[in-house]
Each structure stands twice: as C-alpha cells, then as structure tokens.
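The lines below spell out each chain.
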Amino acid sequence: MMRLLLRRLRRLSAASERSFSGLPAAQVRRTFLDFFRDQHQHLLVPSAPVRPRGDPSLLFVNAGMNQEEACRMAWSLLTEHYGIPADRLYVSYFGGDASSGLSADQETRDIWLHLGVPASRVLPFGLKDNFWEMGDTGPCGPCTEIHYDHVGGRNAAALVNAGGAEVVEIWNLVFIQYNREADHSLRLLPQFSVDTGMGLERLVGVLQGKRSNYDTDLFTPLLDAIHQRSRVGPYGGRMGAAPDAQVDRAYRVVADHIRTLAVCIADGVHPGMSGAELVLRRILRRAVRFCAEVLQAPPGSLASLVPTVAQTLGDTYPELFREADRIADIINENEGHFLSSLQRGSRLIQRTCLRTGSGPFPAAVAWSLYRDLGFPLDLVDLMLEERGIQVDRQELDRLVSHEQKMRAEQQADSRPRLLLDVLSLAALQRAGVPHTDDGPKYRYHLENGRYVFPACQATVLALYDGRSLVPEVGPGRRCGVILDRTCFYSEQGGQSHDRGYLMRDGLQEVLFSVEAVNRAGGYVVHQVTVPDHLRTGDQVELHLDQAHRLSCMVKHTATHILNFALRSVLGRSVQQRGSRISADRLRFDFSVKGPLSSVQLQQVDRCIRDVISANQDVHTLEVPLRLAGAIQGLRTVDEVYPDPVRVVSLGVPVSELLDGGTDRETSVELCCGTHLLQTGSIQDLVIVSEKQQVKGISRIVAVTGQDAVQARDMGRALTQEVDSLSARLSGSSPFSLGSALQFSKEAGALSDAVDNMPVPQWQRRELQVRLRATLRSISTAIRKLEARQAAERAALLLRRRGQTELLVDAVETDSPSVLMKTVNQLSAAAPLSHVMLLAHQRHSGKVFCACQVPKDSPALAASDWAVAVCRRLGGNAGGSALVAKGTGSSSDITEALRFAKDFALKKAGR
C-alpha cells in the first residue's frame with residue numbers, strides 16, 4: 001500500500017513540476033476557495049471584521065477557518081491544484097516537551113508518512129516552533145507546518161525553521177486541544193478542532209517564483225504608486241546594510257501599513273488612544289514618518305494610496321471601495337494632527353535645550369512629548385543626538401515603568417466579570433444543564449399607567465467560581481449563578497445588564513445582590529457575591545431594580561427613535577456605527593460626512609418630539625431572519641443575528657410590515673433589547689452632545705425624561721443670560737479698560753457654562769457662535785484700550801527718564817498685558833535700551849515683571865534677567881532671550897528695582 005502511495009506521489013510531483021507557474025494573486029485566492037467549496041463542500045462566508053465582536057481580550061482577529069482532515073487537504077491543494085513540486089516541500093510537527101508533560105505528536109507524523117512524505121522531510125520541533133498559542137491564555141495546541149524550499153534540488157531539512165529566506169513556511173495546521181490557564185497550566189479541551197490557514201502573500205510568492213512577498217502582484221502596484229508620490233528612486237528590494245536599504249525599508253513599511261490602515265478603518269477601527277485604536281494610531285504615525293522623512297513624499301501621500309489598496313484587495317473586501325473616501329479622510333486628518341504635533345514637539349525640544357544647555361535632556365519632557373503629543377521616543381533621541389545631547393535615560397525608564405505599574409494596578413482594581421470558559425461550558429453540556437430560559441425578561445405590562453415587572457421563580461442549576469463548576473459557594477465568595485429561567489437582561493446589543501437581587505427560599509431576609517449579568521453559550525450568568533450559602537438545587541426568587549430597568553427601556557426605545565429621526569432628516573445613507581444604552585443616558589454613533597448644523601439638529605429634535613408626543617405603540621415579534629430581511633426600511637448594524645430574530649417597530653405592527661401592507665415610514669429594527677410599550681413614557685429626549693469622533697463618524701449623547709426637561713430649562717436660562725450680556729454691551733460704549741475686562745470675564749464664564757452644561761446641542765451651537773463674536777469684540781476693545789494705556793505710560797517714562805541704555809522703573813497698572821505692551825513700546829522708541837518694568841499690586845503684594853533687551857545683547861538674556869529678579873521676589877519667570885515676563889510678591893519693590901539694575905550692569909561688565 002505504501003509503495004502505491006509513493007508511486008502516486010511521484011506521479012503527482014512530476015505533474016506538479018510541469019504545471020508549476022506564476023499565477024496571479026486573484027487566481028491563487030480563487031483556487032483556494034474553490035478547492036474547499038467544490039471538493040469538500042465547505043461553506044464560503046463573507047470575511048469577518050478584523051476587530052473581534054464581543055471579545056475585549058483580543059485586539060484583532062488572529063486566526064482563520066476551522067477544518068478537519070486538514071493534512072490531506074493541504075497536501076492535495078498545494079501539490080495537485082497549485083502544482084508545487086512535492087520535492088520542494090518539508091513538513092514539521094510537534095516533537096514534545098518534557099518540562100510541560102507533552103508528548104510528541106506521533107499521530108501527525110504518521111499521517112504525513114502515510115501521505116507519502118519521506119521520513120527525512122518530516123521533522124520534529126519543540127514549543128517555540130510547533131506549539132501554537134494565541135495569547136497568554138486561551139485555546140492552544142501542537143501544530144504542523146508545510147515549508148517550501150525556493151532553491152530545490154537539495155536536502156534543505158537543516159534550513160526548516162531556521163529563519164532564512166530560502167526555506168519558508170507556507171501552511172500551518174493547529175490541532176487545538178488544550179486551554180492555557182492564567183497560571184500557565186494546560187487543560188484538555190472537551191472538544192478538539194483544527195485551525196488551518198496559510199499566508200496568501202507567501203503562497204503567491206512561491207507560485208510567482210519570488211523570494212519576497214513585495215515582488216508579487218499583491219504589492220508591486222502599491223510600490224509603484226508610492227514611487228510616483230516620492231522624491232526617491234524606485235523600489236529595489238535591498239535589505240540589511242546595503243546602500244539605500246533604508247529607502248527600500250520605507251517602501252515596505254508604508255505598503256504594509258497602508259493596507260493595515262485601510263482594512264482596519266473599513267472595519268470600524270479608528271486611530272485612538274487605547275487598545276486596538278492605539279495600535280492603529282502608532283501604525284499610522286510610523287507610516288507618516290517614513291513617507292515624510294525617508295521617501296520625501298508630500299503631506300497627503302499616504303491617504304492617496306487608498307484607491308490602489310482598494311484595487312488590489314477590493315474584489316475580496318468590497319468595503320474598501322465603499323469606504324475609500326472615508327478611509328482617506330481619516331488618514332489625512334490624523335496625519336495633519338501628527339505633523340502639527342511634530343512641529344510643536346520640535347519647538348518644545350528646542351526651547352528645552354536652550355534652557356538646559358549641554359546637560360541631560362529632562363526625562364519628564366521626553367515622556368510628556370510621547371504621552372501627550374504622540375511624539376515617538378526614538379525621534380526624540382534622534383533630534384537630541386543631532387545636538388550632542390542625551391535624554392536622562394534612567395529617569396525615563398523609571399517613568400515608563402511607573403506608567404506600566406499604574407495601568408496594571410488599575411486593571412487589578414477593576415473587578416473582572418465571571419465569564420464561562422470553554423471547559424465550563426462543556427461541563428454544563430455534559431451534565432445536561434439546559435440553556436437558560438430568559439423569556440421572562442420580556443414579560444412586563446402597563447397597569448394604570450405604571451410598568452409592572454413580575455418576580456420570577458427559578459432553580460439554581462449550576463454555580464461557577466471563575467475556574468470550574470462547584471456544588472456550593474460560601475459567604476463572601478463571588479460566583480456566577482446559572483438558573484433554569486431568569487427575568488434579568490444580560491448585557492448585549494449595546495444595552496447595559498439589569499440590576500437587582502435574588503432571594504433564597506427559607507432565607508427571605510437576606511438579599512443576594514446581582515452585580516452583573518452576562519451570556520455565554522446559551523447560559524445567562526448572574527454575578528453575585530453571596531452573603532450566605534448558595535447551593536445547586538436551591539429555589540430562588542428574582543427581583544429587578546425596576547427603576548434601573550425602566551430607565552434602560554426608555555433609553556433603548558429613545559435610541560430607535562433617534563436612529564429613525566436621523567435617517568428622516570439626513571437621508572438613507574446614515575448608518576448606525578454603534579450604541580451604548582445605560583440608565584442615565586444613551587450614546588449613538590453614526591456615519592455622516594461632517595458635524596450636524598444647528599438647523600439639522602433642530603429638525604431631528606422636532607421629529608423625535610413628534611414620535612414621543614404621538615405615544616406610538618411599540619411592537620415586537622420573532623420572525624425568521626430571511627423574512628425579516630425583506631422588511632422595507634429595516635435598520636441593521638454590523639452584527640451576526642440569530643434565526644429567528646426579534647423585530648421591533650414603532651406605530652405599525654410587525655405583521656403589517658411583513659405583509660407589505662403599509663407605505664408608512666417608521667422605525668423598524670432587529671433588536672434583542674427591552675423596550676417600552678408606548679413611546680409617550682419617554683416624556684422628552686434632548687441631544688446634549690454631537691461631535692465627530694473621527695472623520696465621517698459622529699457620536700450623539702442624549703438624555704431623556706426629567707433630565708431632558710432640565711436640559712431645556714438650562715438652555716433657556718443660558719439664552720436669557722447671553723441676551724442680557726448683549727444688551728448691556730450695546731449700552732456701555734465706549735468702554736473703560738476695567739469694564740471691558742469685567743465684560744470679558746462674564747462672557748468667558750458664560751462660554752464655559754454653555755460648553756459644559758447639559759443643554760440642547762442645537763442651542764449650544766447657536767449660543768457658542770454668539771459668545772465667540774462677543775468675546776472677539778470685547779478682546780478687540782481691550783487690545784485697543786491696553787495699547788492706549790501702554791502708550792501713555794511709555795510716553796510719561798520717556799519724558800521723565802529719556803532714552804537710556806538701561807531703564808528699570810515701576811509703573812502703575814493692574815494689567816500684566818499693559819505692562820508688557822509698555823515695555824514693547826519703550827523698546828520700539830529706544831531700540832538700544834535694556835528695559836525692565838515692575839508693577840506692584842499694593843492690595844495683594846503681588847508684583848508683575850516684564851523686560852526686553854536689544855537683539856544684539858549677548859551678555860544679558862531677557863529670560864535670565866526676569867528669572868533672577870522674580871526669584872528674588874519669591875516667584876518665577878520665563879520667556880526668550882529677547883522678551884520675558886514673570887511674577888513675584890513683596891511689600892516693597894524698592895530693593896527689587898535696585899537688584900534688577902545691579903544684575904543688568906553686572907552682566908554687562910560694568
């Protein structure tokens with residue numbers, strides 16, 4: 001039998017060598033999909049987003065499809081369908097690890113030998129190379145890999161897994177059979193599976209006869225597009241220390257990064273400050289740096305590559321074509337922010353170096369540049385190296401370590417939720433524990449205008465202590481309680497979980513508070529810290545926090561009305577991008593080109609109030625997913641829906657919508673949330689915030705009920721105050737400086753209130769426009785009045801002191817700005833004078849200081865002069881070599897004036 005297999009393998013190898021040729025990448029992908037669909041009856045599904053849904057432990061999806069009989073399929077596809085010569089292929093398998101108690105994967109070795117692979121090409125490796133793990137915890141297992149020798153005609157077994165470019169891995173099969181626990185131990189999974197996949201780029205490289213992925217047709221159009229936008233030579237494939245290798249590295253970085261950026265942004269991940277968003281932000285900024293610094297490409301070049309990415313990947317990922325403009329806008333916007341941050345950071349580095357001289361660069365400044373401006377630390381090092389300065393590395397390492405420690409403590413302080421793992425789910429299934437019946441969460445009704453939420457009787461079926469199922473939990477212990485039925489809503493669909501308590505039969509005086517409710521594998525888990533013993537089999541009664549539930553219902557129905565109103569006003573192109581519903585407010589993210597105008601916000605507001613005041617009935621019905629999808633005007637989000645699915649509509653019964661018996665425009669969505677029975681219970685809804693999160697995605701925050709009423713009252717009150725200020729301003733011209741400053745203070749306080757108080761967003765926008773115009777008018781008046789006062793004081797001093805080389809004096813003013821302007825005017829009138837003025841505030845003892853020196857005054861820097869005098873007065877100062885200012889305090893400034901004069905004369909060498 002083995003001889004027949006070997007003979008067949010040799011025939012296949014000969015045929016493979018004859019058919020082995022350069023296939024376009026699109027055909028390589030199509031062959032892969034056709035092979036599994038046509039020959040093995042696998043179902044092709046649309047690609048999943050790179051951002052995992054409902055799993056905060058993963059930043060990005062890092063595994064592909066699951067298949068069984070994987071080895072035979074892999075070998076068949078590579079050698080028979082792609083025509084890769086079998087004598088170019090080697091396979092590796094897990095050779096075991098004694099320290100982990102893992103034996104060699106002999107079964108996999110035997111499969112490869114049975115398929116006809118020579119024993120000399122079936123190679124064992126250890127944990128590092130052939131035991132796959134997706135993270136610190138979670139499913140894992142031994143893997144087997146197929147490697148390709150680019151050279152051929154030799155024994156290349158020693159080069160497998162050696163990290164060279166001549167022998168590369170092209171396929172990986174992972175036999176997922178363990179779960180890595182938090183304590184690093186391994187537990188066998190109740191059900192094994194195989195994760196199979198390969199790198200498309202590497203396979204295309206093999207089939208096109210290229211050693212580098214970047215030489216394939218997956219990258220060459222992108223590299224050509226980068227060259228067209230750069231001011232350097234074309235891509236040459238140089239590596240390592242070769243001349244111009246840095247340029248080619250930049251080509252590769254930008255090509256890789258723009259693909260990542262385009263796919264992630266299309267899937268709803270945007271550059272941000274934490275998690276996957278922070279990773280994407282750093283990727284974007286790195287690409288911008290390589291574009292600008294190495295490739296010498298102008299701003300906007302990175303975003304201009306998006307159409308090329310769409311052309312190379314869009315057939316498989318059509319969302320790249322659909323979202324191309326938005327992707328480019330987001331990249332351009334973030335690039336602009338980064339370039340601005342680089343300019344600000346460069347100026348800060350320059351100022352700091354001037355202050356510190358040749359000493360170590362302050363680590364606190366470097367860390368602030370990185371943390372607050374996103375200024376890369378390696379760029380800080382590079383810029384300092386050009387000046388012959390080094391950052392205080394020891395202190396910087398301490399700051400980084402402190403930040404990591406703080407984050408770890410914050411994570412430790414947050415109580416983790418008790419989530420069922422795959423082993424506990426399997427144990428529940430083996431024990432025959434039925435899925436939780438959570439239908440009672442929808443069983444509530446109106447009675448005399450009030451919502452009634454009946455208590456629910458249930459039996460404890462299982463208890464979970466965070467690691468395994470247990471029969472009993474003692475006082476003070478946290479656990480997950482699984483019941484046969486529940487009226488509690490588990491967190492899903494953007495809606496917060498219910499709160500409330502359980503009461504155990506025979507122990508009614510003790511309440512088991514429910515802290516969180518989540519769902520896993522059909523089981524609803526109630527997180528409880530038990531005050532007394534709780535056992536499986538106990539009978540309990542469930543009571544909701546009714547006010548909390550009703551508030552969530554109000555917000556959820558209000559969210560549907562908001563969604564409908566936005567679409568009615570802005571058009572059908574508006575798409576929901578996410579929502580969050582809690583008891584106190586709702587948040588709604590949606591696609592729109594720019595911020596909504598005040599007029600649009602008022603139109604949305606009127607539409608919402610019309611639906612609420614109409615007190616429309618809220619209808620729900622479970623229907624087959626196929627039928628639900630045909631409902632006219634149905635709103636959906638990027639989620640996987642169950643079948644059958646729950647449909648929620650306003651004003652029109654779902655059955656009518658299914659029959660197509662109405663042309664009425666209404667809100668209709670697929671939704672598992674809990675809703676009001678009539679819209680009038682909302683009372684009112686007010687949008688208190690609307691702003692763009694990223695280009696093309698806006699976020700609305702809204703309040704309902706009495707919070708909405710209070711927001712409208714606050715809006716009216718602030719409008720009256722702004723009206724009053726405008727009236728007083730129009731009747732107070734011309735201003736004195738004192739009254740102008742008072743008006744400025746009032747307008748500033750009003751502006752802060754308008755910016756921060758919960759008021760209708762359309763009203764906020766209108767008041768902000770009015771207040772900005774008012775503040776501009778007042779500021780103009782203040783500048784003119786200050787300039788007039790400064791001119792009067794400067795003229796008086798010049799008449800009294802004349803044009804002298806050193807002018808140190810006191811002036812009467814309570815305005816630091818007037819003091820500085822007076823110094824400026826004196827310096828303009830006497831360009832060779834060294835001028836310092838002090839203004840003593842006798843009521844408080846505070847002293848303002850301002851100074852200016854001639855441009856060709858190397859001996860006396862204004863900043864040094866001001867710092868010396870203000871420190872003498874117990875304060876501090878800052879500025880440049882030419883102009884500086886500061887503050888201090890004293891009951892008498894006579895000695896300070898004398899010190900200022902002596903300091904200047906000493907510096908001048910007199």
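Predicted model, so just to flag it, every value in this text is computed and none were measured.

1. Things to note about the overall build of the protein
For the protein, the helix and strand inventory stands at 26 helices and 29 strands. Principal-axis analysis of the C-alpha atoms places the extent of the protein at approximately 115 × 85 × 60 Å. Expressed as a percentage of its 910 residues, the buried residues of the protein come to 47%. Residue pairs at least 24 apart in sequence account for 69% of intrachain contacts in the protein once pairs closer than 6 positions are excluded.

2. As for the environment of Val28
Within the fold, Val28 resides in helix H2 (residues 25-39). In this structure the C-alpha to C-alpha distance between Val28 and Val288, which are 260 residues apart in sequence, comes to 32 Å. Beyond its immediate chain neighbours, meaning those up to four positions away, Val28 contacts Leu23, Tyr82, Leu200, Leu203, Val204 and Leu207.

3. Comments concerning the side chain of His270
Topologically, His270 is positioned in the loop between helix H8 (245-266) and helix H9 (275-294). Side-chain polar atoms of His270 contact the side chain of Arg326, separated by 2.9 Å. Among all residues touching His270, those that are not within four sequence positions of it are Ile265, Glu277, Leu280, Arg326, Ile330, Val694 and Ile697.

4. Brief notes about the packing of helix H7 (residues 220-229) against H8
Axis separation between H7 and H8 bottoms out at 10 Å; the angle between their running directions is 115°. By the angle between their directions, the pair H7 and H8 is classed as roughly perpendicular. Along this stretch, H7 crosses H8, giving a crossing that reads as right-handed. Seen from H7, the contacting residues are Leu222, Leu223, Ile226 and His227; seen from H8, they are Tyr251, Val254, Ala255, Ile258 and Arg259. When the residues that make up the contact of H7 with H8 are grouped by side-chain class, the tally is 7 nonpolar, 1 polar and 1 charged.

5. Section: the domain arrangement of the protein
Taken domain by domain, the protein comprises domain 1 (20-208), domain 2 (218-356), domain 3 (422-544) and domain 4 (802-908). The distance between the C-alpha centroids of domain 3 and domain 4 comes to 72 Å.

6. Notes on a nonpolar patch on the surface
Taken together, the side chains of Leu621, Leu627 and Leu658 define a hydrophobic patch exposed on the protein surface, amounting to about 210 Å² of accessible area. Relative to the helices and strands, Leu621 resides in strand E20 (residues 618-623).

7. Here we look at the nonpolar core
Core analysis: the biggest nonpolar cluster contains 106 residues, and Tyr82, Ile84, Trp112, Leu302 and Ile331 have the highest contact counts within it. Per-element accounting of this core gives the leading share, 13 residues, to H8. If you count residues domain by domain, this core takes at least three from each of domain 1 (20-208) and domain 2 (218-356). Within the second largest apolar cluster, 57 residues are counted, among which are Met553, Leu562, Val604 and Val611.

8. What about the packing of helix H23 (residues 761-801) against helix H24 (residues 816-829)?
The N-to-C vectors of H23 and H24 enclose an angle of 50°; their axes lie 8 Å apart at closest approach. As judged from the angle between their axes, H23 and H24 are oblique. In this structure, the crossing between H23 and H24 has a hand that is right-handed. Two secondary-structure elements touch here, H23 through Arg783, Glu786, Ala787, Gln789, Ala790, Ala791, Arg793, Ala794, Leu797 and Leu798 and H24 through Ser817, Val818, Lys821, Thr822, Gln825, Leu826 and Ala829. Partitioning the contact of H23 with H24 into residue classes produces 9 nonpolar, 4 polar and 4 charged.

9. Some remarks on the packing of aromatic side chains
Under the defined criterion, the tally for this structure stands at 14 aromatic pairs. Their ring planes at 85° and their centres at 5.0 Å tell us that Phe35 and Phe36 sit as a pair that is edge-to-face. A relative accessible area of 2% places Phe35 in the buried class. Each ring, one from Tyr444 and one from Phe453, has its centre 5.5 Å from the other, and the planes form 40°; the classification is tilted. For the pair Tyr444 and Phe453, one class covers both residues: buried. One aromatic cluster in this structure is built from Phe32, Phe35, Phe36 and Trp171.

10. Thoughts on helix H13 (residues 363-373)
Those residues of H13 lying buried are Ala363, Val365, Ala366, Trp367, Leu369 and Leu373. Looking at the residues trailing H13, positive phi occurs at Gly374, about 70°.

11. Describing the pattern of salt bridges
Close approach of charged atoms allows side chains with opposite charge to pair. Scanning all chains against the criterion turns up 41 salt bridges. Between Asp244 and Arg238 there is a salt bridge, with the nearest N and O atoms lying 4.0 Å from each other. One salt bridge in this structure joins Arg712 and Asp684, with 2.6 Å as the shortest N-O distance. With Arg712 in helix H21 (residues 705-730) and Asp684 in the loop between strand E22 (668-670) and strand E23 (685-694), this residue pair connects regions lying 28 residues apart in the sequence. Here Arg712 and Asp684 have matching classes, each one buried.

12. Points about the UniProt feature "binding site: Zn(2+)" (unreviewed entry) in the protein
Here, the residues flagged by UniProt with the feature "binding site: Zn(2+)" (unreviewed entry) are His556, His560, Cys671 and His675. A maximum C-alpha distance of 9.8 Å among these annotated residues, which run over 120 residues, shows that they cluster at one spot. When you line up the elements, His560 lands in helix H17 (residues 546-570). Assessed through its relative accessible area of 3%, His560 is described here as buried. Ignoring anything within four residues of it in the chain, the contact list for His560 reads Val648, Ser667, Glu669, Cys671 and His675. The topology assignment puts Cys671 in the loop between E22 and E23. The contacts of Cys671, once residues within four sequence positions are left out, are His556, His560, Arg646 and Val648.

13. What about the environment of Asp437?
Summarising the element assignment, Asp437 is placed in the loop between helix H16 (422-430) and strand E7 (445-447). Along the chain, Asp437 and Asp484 lie 47 residues apart, while their C-alpha atoms are 6.2 Å from each other. Setting aside anything within four residues of it in sequence, one finds Asp437 in contact with Asp484, Arg485 and Thr486.

14. A few points about the sheet that holds strand E26 (residues 834-841)
The 5 strands lie next to each other as E25-E26-E27-E29-E28, forming an open sheet whose pairing is mixed. Edge positions in the sheet fall to strand E25 (806-810) and strand E28 (876-879), since each has one partner strand and no second. Here the strands of the sheet are splayed against their neighbours by 10° on average, with no regard to which way each runs. By the bridge criterion, 7 bridges tie E26 to strand E27 (residues 846-852) in an arrangement that is antiparallel. By the bridge assignment, Ala839 is partnered in E27 with Phe848. Along the sheet, H24 makes contact with E25, E26, E27 and strand E29 (883-889), crossing E27 at roughly 25°.

15. Quick look at the pairing of E23
Where E23 lies against strand E24 (residues 697-704), 8 bridges are found, and the strand directions are antiparallel. Across the sheet, residue Gln692 finds its bridge partner in E24, namely Ser698. Between E23 and the antiparallel strand that follows it, E24, lie 2 residues; Gly696 among them carries a positive phi value of about 90°.

16. Structural notes on helix H6 (residues 200-207)
Each turn of an α-helix holds 3.6 residues, which means side chains three or four residues apart point in the same direction. Counting buried positions over the 8 residues of H6 gives 6, a clear majority of the element. Three or more residues of H6 are buried, namely Leu200, Leu203, Val204, Gly205, Val206 and Leu207. Buried residues in H6 make contact with H2, helix H3 (70-81), strand E4 (138-149) and strand E5 (167-180). Count one or two residues on from H6 and you reach Gly209, which has phi positive near 70°.

Definitions and cut-offs
- Residues numbered from 1 in each chain as written.
- Predicted model: local features only at pLDDT ≥ 70, side-chain atom pairs only at ≥ 80, totals over all residues.
- Heavy atoms only, no water.
- Helix = DSSP H or I, 4+ residues; strand = E, 2+ residues; numbered from the N terminus.
- Buried < 20%, exposed > 50% of the residue type's maximum accessible area, 1.4 Å probe, protein only.
- Contact = heavy atoms within 4.5 Å.
- Polar contact = N/O pair within 3.5 Å; in protein donor to acceptor, adjacent residues only side chain to side chain.
- Axes fitted to C-alpha atoms, helices over the stretch in contact; angles between N-to-C directions.
- Parallel < 35°, antiparallel > 145°, perpendicular 65-115°, else oblique.
- Left-handed = near helix turned anticlockwise from the far one by under 90°.
- Nonpolar A, V, L, I, M, F, W, Y, C, P; charged D, E, K, R; others polar.
- Domains from an automatic or database assignment.
- Patch = residues over 30% accessible without salt bridge, like charges linked within 9 Å, V, L, I, M, F, W, Y side chains within 5 Å.
- Areas by Shrake-Rupley, 256 points an atom, 1.4 Å probe, with all protein chains shown as cover.
- Salt bridge = Lys/Arg side-chain N within 4 Å of Asp/Glu carboxyl O.
- Core = buried A, V, L, I, M, F, W, Y, C linked by side-chain atoms within 4.5 Å.
- Phe/Tyr/Trp six-rings, centres within 6.5 Å; stacked < 30°, edge-to-face > 60°.
- UniProt positions renumbered as here; feature names shortened; annotations may be inferred.
- Pairing = 2+ DSSP bridges.

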